[in-house]
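Listed below, chain by chain, are the residues.
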Amino acid sequence: MSILLLLIAVLLALAFVPNPVEPLTGVTDVQALRALKESVDPVTITPTSFLYSWDFNVDPCDSSGSFLGVLCSFPLDNSSSRVIAIGLDDAGYDGFLSPLIGNLTELVTIDLTRNKFRGPLPESIVNLRQLTKLLISENLFTGQIPDGITKLKLLQEADLSYNHFSGNVPAKIAVLRSLNRLILSNNALSGRLPDMSGLWQLSALDVSSNNLYGNIPRLPLNLKTLVMSHNVFSGHISPVKHLQKLLVLDVSDNRMSGRVLRQVMTLSSLVRLNVSRNHFTALDPIDFPGIETHLQSLDANDNQLRGHLPGSLAGLENLTSLDLSHNYLSGSIPMEYGAKLGRPWKYLYLNDNFLQGNLPPQLAAGGEDGIRGSLANNCLRCSTTVRLCRGGQRPHAVCAAQRRRW
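Cut-offs used in this document
- Residues numbered from 1 in each chain as written.
- Predicted model: local features only at pLDDT ≥ 70, side-chain atom pairs only at ≥ 80, totals over all residues.
- Heavy atoms only, no water.
- UniProt positions renumbered as here; feature names shortened; annotations may be inferred.
- Helix = DSSP H or I, 4+ residues; strand = E, 2+ residues; numbered from the N terminus.
- Disulfide = S-S within 2.5 Å.
- Buried < 20%, exposed > 50% of the residue type's maximum accessible area, 1.4 Å probe, protein only.
- Phe/Tyr/Trp six-rings, centres within 6.5 Å; stacked < 30°, edge-to-face > 60°.
- Lys NZ or Arg CZ within 6 Å of the ring centre and 35° of its normal.
- Core = buried A, V, L, I, M, F, W, Y, C linked by side-chain atoms within 4.5 Å.
- Contact = heavy atoms within 4.5 Å.
- Pairing = 2+ DSSP bridges.
- Axes fitted to C-alpha atoms, helices over the stretch in contact; angles between N-to-C directions.

**Q** Would you mind showing me how to read the UniProt feature "domain: Leucine-rich repeat-containing N-terminal plant-type" (unreviewed entry) in the protein here?
**A** When the UniProt feature table is mapped to this numbering, "domain: Leucine-rich repeat-containing N-terminal plant-type" (unreviewed entry) covers residues 28-73. Split by type, residues 28-73 is 24% helix and 7% strand. Its first and last C-alpha atoms lie 15 Å apart.

This is the structure:
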């Protein structure tokens, strides 16, 4: 009897023991998060940082106040929750990105911006097939951009700028048809830029401050921002003339040559054009009947522009900033330029050319209030009482000799 009573008591006690709760977060996801934290120098994980809140004694997807920067999915069935976003703060984390990041196969966003992650980008990112945002700018990543990035067919935004990536831009980058923004600036990338015309949804492309060379390739027609400055691109600017949605075009500090085409300067949406520090020899004249432009800023300084100042630039109704300094321009300043000072021109730099003659009346009368710029280092009849003339003029013989050379 006593044995029977003891057995009943044990059964009753077991009836009130709660069943163990299954972890909410998938095991492989937890492993990936743990590896990410362990790959960071603990000295850089301060008490106020997101990573400090990653306490693996609790479930990452079922915690309050822990795992800051982590978002999870919560399936309606009994399947495990998955990590879908990692967004770390800019606490200066110093470490590596573990290859186990590839375990997070449901990851949609990863943002490690403004930290000190170093080493190569793991090849395992090829497993992140749901990824739409890859934001790792302002870190210390090195090595080549993995070719596996071209497998991420849902990728919409990739910002790899301000790192130390080297080698070529992946040749098949144009297969990423969902890509809207591609920012690769301030790295050590080299080689030719591949054909990008297949990226039909791309609106922003920035490859500035690299070592890229060759001609401008075919580009997607929906581009609104194109920045290719501080590279070694050569050839003509003509491939850009078809980009009718372009708002910003910057090809400064390259080795491009030929003429700056009228079709580029009058692109219907273009607001800012920078072709400075190249080898361009002329700005095409612009015919205005029927042409509506939105160009506000034109910078063509430090080229090899020759001939007279194009008076037709005064017909660009929205232009507020013009820089044609450090060229080989000659002749007089068109009277139309004087009429534009302050209405709406706010910036006018014509210094370091070979201009001659009198100033437009508006300038000679000191009507440059509120205008920034310079007319120095020409051969103009330019009084020192005119602020834009400060800095002096060349001897007239210098401009005459230059004119004979042409």
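Now that the structure is up, let's keep going.
**Q** I keep staring at the state of the cysteines and nothing clicks. Help me out?
**A** Working definition of a disulfide: a covalent bond connecting the sulfur atoms of two cysteines. By the definition in use, this model includes three disulfides. Across a sulfur-sulfur distance of 2.0 Å, Cys61 and Cys72 are joined as a disulfide pair. A torsion of -80 degrees about the S-S bond marks the disulfide between Cys61 and Cys72 as left-handed. Of this pair, Cys61 sits in the loop between helix H2 (27-38) and strand S1 (70-72) while Cys72 sits in strand S1, placing them 11 residues apart in sequence. We note that Cys61, like Cys72, is buried. Paired by a disulfide, Cys382 and Cys389 hold their sulfur atoms 1.5 Å apart. Between Cys382 and Cys389, the S-S torsion sits near -60 degrees, and that sign places the bridge as left-handed. One exposure class covers both Cys382 and Cys389, and it is buried.

**Q** Would you mind going over unusual backbone geometry with me for this structure?
**A** Glycine aside, the phi torsion of most residues is negative, and most peptide linkages are trans. Residues other than glycine seldom take positive phi values, yet Phe67 does so here, at roughly 55 degrees. Looking at the element boundaries, Phe67 is found in the loop between H2 and S1. A positive phi angle is found at Arg114, which is not glycine, with a value near 60 degrees. Mapped onto the secondary structure, Arg114 falls in the loop between strand S4 (109-111) and strand S5 (116-120).

**Q** Sorry if this is basic, but what is going on with the environment of Ala339 here?
**A** Positionally, Ala339 belongs in helix H4 (residues 335-340). On the basis of relative accessible area, Ala339 is assigned to the partly exposed category, the value being 38%. Along the backbone, Ala339 and His396 are 57 residues apart, and their C-alpha atoms lie at a distance of 26 Å.

**Q** Would you mind going over the packing of aromatic side chains with me for this structure?
**A** Geometry of an aromatic ring pair is reported as the spacing of the ring centres plus the angle between the planes. This model, assessed by the stated rule, comprises six aromatic pairs. Residues Phe56 and Phe67 carry aromatic rings whose centres are separated by 5.1 Å and whose planes lie at 85 degrees to one another, so their mutual orientation is edge-to-face. Placement of Phe56 in the loop between H2 and S1 and of Phe67 in the loop between H2 and S1 is noted, with a sequence separation of 11 residues between them. Ring centres of Tyr328 and Phe354 lie 6.2 Å apart, and the angle between their planes is 10 degrees; on these two criteria the pair is classed as stacked. Of this pair, Tyr328 sits in strand S23 (residues 328-331) while Phe354 sits in strand S25 (residues 354-358); the two residues are 26 residues apart in sequence, bridging distant segments of the chain. What makes Tyr328 partly exposed here is its relative accessible area of 29%. A network of ring pairs unites the aromatic residues Trp54, Phe56 and Phe67 as a single cluster. Positioned above the aromatic ring of Tyr328, the side-chain terminus of Arg306 is 4.8 Å from the ring centre.

**Q** Quick question: what am I supposed to make of the nonpolar core here?
**A** Grouped burial of nonpolar side chains is what soluble globular proteins tend to show. Among the nonpolar cores identified, the biggest contains 103 residues, and Leu226, Ile237, Leu249, Leu324, Tyr337 and Leu375 are the most heavily contacted of them. Where this core is concerned, the elements lending two or more residues are H2, S1, strand S2 (83-87), strand S17 (255-260), helix H3 (262-265) and strand S19 (279-283). Residues contacting Tyr337, with those up to four places away along its chain left out, are Leu309, Pro310, Gly311, Leu313, Ala314, Leu322, Leu324, Trp345 and Leu350.

**Q** What is the right way to read the side chain of Thr132 from this model?
**A** Within the fold, Thr132 resides in the loop between S5 and strand S6 (133-135). Excluding residues within four positions of it along the chain, Thr132 makes contact with Val108, Thr109, Leu154, Leu155, Gln156 and Glu157.

**Q** What is the right way to read the sheet that holds strand S27 (residues 379-381) from this model?
**A** The strands that make up a sheet pair up through hydrogen bonds in the backbone, lying either parallel or antiparallel. Overall, parallel pairing links the four strands, which are arranged S21-S23-S25-S27 in an open sheet. Across the chains shown, the open sheet's two edge strands, defined by having one partner strand only, are strand S21 (306-308) and S27. Looking at each pair of strands side by side, their axes are set apart by 20 degrees on average, direction ignored. Here two bridges tie S23 to S25, and the two strands are oriented parallel to one another. Its bridge partner being in S25, Ser330 is matched across the sheet by Phe354. Sheet strands touched by helix H6 (residues 396-405): S23, S25 and S27. Its angle to S25, the strand with the most contacts, is close to 120 degrees.

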